[in-house]
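Chain residues, written in single-letter form:
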Amino acid sequence: MITSEQIIEIGKFGKPHGINGEISAFIDDDVDIEAINRIVMDVDGIYVPFFIDSLRPKRTETVLIKIDGIDDERHAARLTNRIIYALKKDDVKVAPNHDDDGFYASDLIGYTIVHANGEPVGTITDIEDSTENALFVINRPDGQPAYIPIADELIDEINPEERYIVMTLPEGILDL
């Protein structure tokens, strides 16, 4: 039986990808995806290993995983938002490999976005990277979701201590 002392969290599943059982996954940037041949998930309070049929990069922060025995979108959808673990003995962690400014889009989940004019925009709740251009998923103060492109030219300031981002947003972008 696998215990919590034997595992390490390495990521989280996103949404199914296609109809053949692949699912997108957000994998920590310090994980060597080449070293992953099985993952562990909590199934009704028991840590269960699952073998990987295939794993391929999708974007910089996501991979597409095909798990042995999961062959359709319906079964893959059951994994959405589940935490992914690896066995510590599988040694899948490597030294962190951050970009020059030290931030990945997923590092900014939980940050508050403020428009350059001082108006609060909302809190980043997720990253949507199923399209060519990645988007911040924002929970607006009125409770409505919004999507903002993750683009350097829109970001004026990132304050990691206060956990906010100042952005100059084009007029009408929050109405899309």
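In case you missed it, the structure is sitting above this.
Residues numbered from 1 in each chain as written. Predicted model: local features only at pLDDT ≥ 70, side-chain atom pairs only at ≥ 80, totals over all residues. Heavy atoms only, no water.

## Structural notes on the side chain of Arg140
Consideration 1: Looking at the element boundaries, Arg140 is found in the loop between β9 (135-139) and β10 (145-149).
Consideration 2: Within the buried core, Arg140 has no salt-bridge partner, and the shortest N-O distance to an opposite charge, that of Glu119, equals 4.6 Å.
Consideration 3: If we skip the residues at most four places from it in the chain, Arg140 touches Val121, Gly122, Pro145, Ala146 and Leu174. (Helix = DSSP H or I, 4+ residues; strand = E, 2+ residues; numbered from the N terminus. Buried < 20%, exposed > 50% of the residue type's maximum accessible area, 1.4 Å probe, protein only. Lys, Arg positive; Asp, Glu negative; His and termini not counted. Salt bridge = Lys/Arg side-chain N within 4 Å of Asp/Glu carboxyl O. Contact = heavy atoms within 4.5 Å.)

## Details of the pairing of strand β12 (residues 164-167)
Consideration 1: In this structure, strand β7 (residues 112-115) lies alongside β12, joined through four bridges in parallel fashion. When the bridges of β12 are listed, Val114 appears paired with Val166.
Consideration 2: Counting the residues in the hairpin turn of strand β11 (residues 155-159) and β12 gives four residues, including Arg163, whose phi is positive at 60°. (Pairing = 2+ DSSP bridges.)

## Considering unusual backbone geometry
Consideration 1: Of note in this structure, Asp44 is not a glycine but carries a positive phi near 50°.
Consideration 2: Under the relative-accessibility criterion, Asp44 is labelled exposed at 76%.
Consideration 3: Of note in the backbone geometry, Asn81 takes a positive phi value of approximately 70° without being a glycine.
Consideration 4: The topology assignment puts Asn81 in the loop between α1 (73-77) and β6 (83-87).

## Focus on the pattern of salt bridges
Consideration 1: Within this structure, the stated rule accounts for five salt bridges.
Consideration 2: Where Lys15 meets Glu128, a salt bridge forms, and the shortest distance between an N and an O atom there is 3.6 Å. Highlighted residues: Lys15 in strand β1 (residues 7-17) and Glu128 in strand β8 (residues 120-128), separated in sequence by 113 residues.

## Topic: the sheet that holds β8
Consideration 1: Overall, mixed pairing links the six strands, which are arranged β10-β9-β8-β7-β12-β11 in an open sheet. The open sheet has two edge strands with one neighbour each: β10 and β11. Neighbour-to-neighbour, the strand axes of the sheet open up by a mean angle of 35°, direction not taken into account. (Axes fitted to C-alpha atoms, helices over the stretch in contact; angles between N-to-C directions.)

## Remarks on the environment of Gly110
Consideration 1: Take Gly110: it is sitting in the loop between β6 and β7.
Consideration 2: Taking the C-alpha atoms as reference points, Gly110 and Thr125, 15 residues apart in sequence, are found 6.0 Å from one another.
Consideration 3: Look past the residues within four positions of Gly110 in its chain and what remains in contact with it is Thr123, Ile124 and Arg163.

## Quick word on the pairing of β1
Consideration 1: As paired strands, β1 and β6 are joined by five bridges and run antiparallel to one another. Looking across to β6, one finds that Ile7 is bridged to Leu87.
Consideration 2: With five bridges joining them, β1 and strand β2 (residues 22-27) adopt antiparallel strand pairing. Paired with Phe13 across the bridge in β2 is Ala25.
Consideration 3: Counting the residues in the hairpin turn of β1 and β2 gives four residues, including Gly18, whose phi is positive at 80°.

## Details of the packing of aromatic side chains
Consideration 1: By the definition in use, this model includes one aromatic pair.
Consideration 2: Taking 5.6 Å as the distance between ring centres and 80° as the angle between the ring planes, the aromatic pair formed by Tyr47 and Tyr85 counts as edge-to-face. Taken together, the residues span a long stretch of sequence, with Tyr47 in strand β4 (residues 46-57) and Tyr85 in strand β6 at a distance of 38 residues. Note on accessibility: Tyr47 and Tyr85 belong to one class, buried. (Phe/Tyr/Trp six-rings, centres within 6.5 Å; stacked < 30°, edge-to-face > 60°.)

## Digging into the environment of Ile124
Consideration 1: Residue placement: Ile124 occurs in strand β8.
Consideration 2: When the C-alpha atoms of Ile124 and Asp53 are compared, they prove to be 33 Å apart, with 71 residues separating the residues in sequence.
Consideration 3: The contact partners of Ile124, leaving out residues within four places of it in the chain, are Leu108, Ile109, Gly110, Tyr111, Ile113, Phe136, Val137, Ile138 and Ile165.

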